Amino acid sequence: MTAKKYLSMFAASISCLVGLGAATSVAAQNYPVKPVQVVIPFAPGDTDKMLRPFMDRMGEFLPSPFILNYKPGAGGAVGAGYVASSAPDGYTLVGTSPGSIVVVPLANKDVKYSTDSFEPIAALSEGGFMIVGSSKSSITSLKDLIEYSKKNPDKVTYGTSGSMGITHLLAEIFTSEAGVKWTHIPYQGSGPAITALLGGHVELASTAVGPAQAHIAAGTLRPLAVFGDSRLKAFPNVPTLKELGYKTSSAGLYGILAPKGTPKEIIDIIYGAAQKVVAKYGPQITANLDVLGAEIKVLGPKEYAAFLQEQKALFAQGLKTIK
């Protein structure tokens, strides 16, 4: 190949790349030109309530609305996997906790995506995870529960949001640490797991706080312990596992992510709109989240990505204790 021909081909390649960059820039400037689908990988009643106060207001600051679409199953793997394999154009996002993004791909080798299959956009709210039982039960504390579990191995049944999801893995890591055995019953979300607990089909639930909040307030459910590093604002009298001498812990941050390869310009547009929503509607969103025992917690793309990587390291280590 002659030098002249090579330079001609190189110039053509550069021109093509510049053209693609310009096309991406134009697409970002006009984004979004149609509704944005935010996939919730669980049944209604948990994750959706943590994100809806933000998503329902995004359309005020962007040309098109953000619509929640439920795709539950496999501890969040169905919905998260759908988004991971979607076009990276900003029109299909996932709204979730670290469960479906971090825990599921670590715990289930058949899952075809990983934490790195996504572009983090923003964390928006912080809830929590807890162990709850029926108020009708004679078990009134975590100490009671551990003593009963040791005397009755495998007789304690507990529900979660799905097999190998975050609430399942947290419970399994904890029971391994505590030296007890429980029988796991998976459901398609924390909401259905709480319904099962209320109906007497399971004795406990390892759950996100949201679906349990109203029932705890009504006195039909009893919170036994919180998985996070600090007590929840909504439940100042409920101890953390750390306080009770255990190491098992995980923060419940809920956020939105896009498929890997989504242009940074689009990521920034979405994050910017979310910031505007919080700036204008912070008090109203706080009122919405108070009912769920949650609060606003905004992290940008870089901070949110760092948090997810920390969670990945935590659960990778934790999984070793139960395999």
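What counts and how
Residue numbers restart at each chain and count upward from 1, following the sequence in its written direction. Totals for whole chains, interfaces and linings use all residues, but because this is a predicted model, local features are given only for residues with pLDDT of at least 70 and pairs of side-chain atoms are given and counted only at 80 or more. As a rule here, side-chain values come from all non-hydrogen atoms in the structure, and water together with hydrogens is ignored. The numbering of helices and of strands both runs from the N terminus, where a helix is a DSSP run of H or I of at least 4 residues and a strand a run of E of at least 2. The globule rule used for comparison is 2.2 Å times the number of residues to the exponent 0.38, while the radius of gyration itself is calculated over C-alpha atoms. Relative accessibility decides the category of a residue: with a 1.4 Å probe and only protein chains considered, values under 20% of the type maximum give buried, values over 50% give exposed, and everything between is partly exposed. The contact criterion used is simple: two residues touch if any of their non-hydrogen atoms lie within 4.5 Å. All accessibility values rest on the Shrake-Rupley procedure with a 1.4 Å probe; residue burial counts only the protein chains present in the view. A residue counts as positive if it is Lys or Arg and as negative if it is Asp or Glu; His and the chain ends are not included. We put the charge of a Lys on NZ, of an Arg on CZ, of an Asp on CG and of a Glu on CD. Definition of nonpolar core: a set of buried residues of the types Ala, Val, Leu, Ile, Met, Phe, Trp, Tyr and Cys, connected through side-chain atoms within 4.5 Å. Paired strands, as defined in this entry, are two strands with at least two bridges between them according to DSSP. Note on geometry: axes are lines fitted to C-alpha atoms, helical ones only across the stretch in contact, with angles between N-to-C directions running from 0 to 180 degrees.

A word on the overall build of the protein. Of regular secondary structure, the protein possesses 10 helices and 11 strands. Against the globule reference of 20 Å for 323 residues, the protein gives a C-alpha radius of gyration of 22 Å, in line with a compact fold. Counting over 323 residues, the protein shows a buried share of 52%. Contacts in the protein between residues at least 24 apart in sequence constitute 79% of all its contacts with a sequence separation of at least 6. Only carbon and sulfur atoms are counted for the fraction: they give 57% of the accessible area of the protein, which is about 14,200 Å². Here the protein contributes 29 positively and 23 negatively charged side chains, and the mean placements of these two sets differ by 4 Å.

What follows is about the nonpolar core. When a protein is soluble and globular, its nonpolar side chains tend to lie buried together. M55, F66 and F174 are the most contacted members of the largest nonpolar core, which totals 81 residues. Here this core takes 11 residues from helix 9 (residues 264–290), the largest share from any one element. Leaving out residues up to four positions away in the same chain, M55 has contacts with V38, F66, L68, L124 and I256. One finds I194, V202, A212 and V238 within the second-largest nonpolar core, a separate group that totals 15 residues.

Turning our attention to the sheet that holds strand 9 (residues 221–226). Strand order across the open sheet formed by 5 strands is 7-6-8-5-9, with mixed pairing between neighbours. One side of each edge strand has no neighbouring strand; the edge strands of this open sheet are strand 7 (183–186) and strand 9. Here the strands of the sheet are splayed against their neighbours by 30 degrees on average, with no regard to which way each runs. Examined bridge by bridge, strand 5 (residues 129–134) and strand 8 (residues 204–208) share 5 bridges and lie antiparallel to one another.

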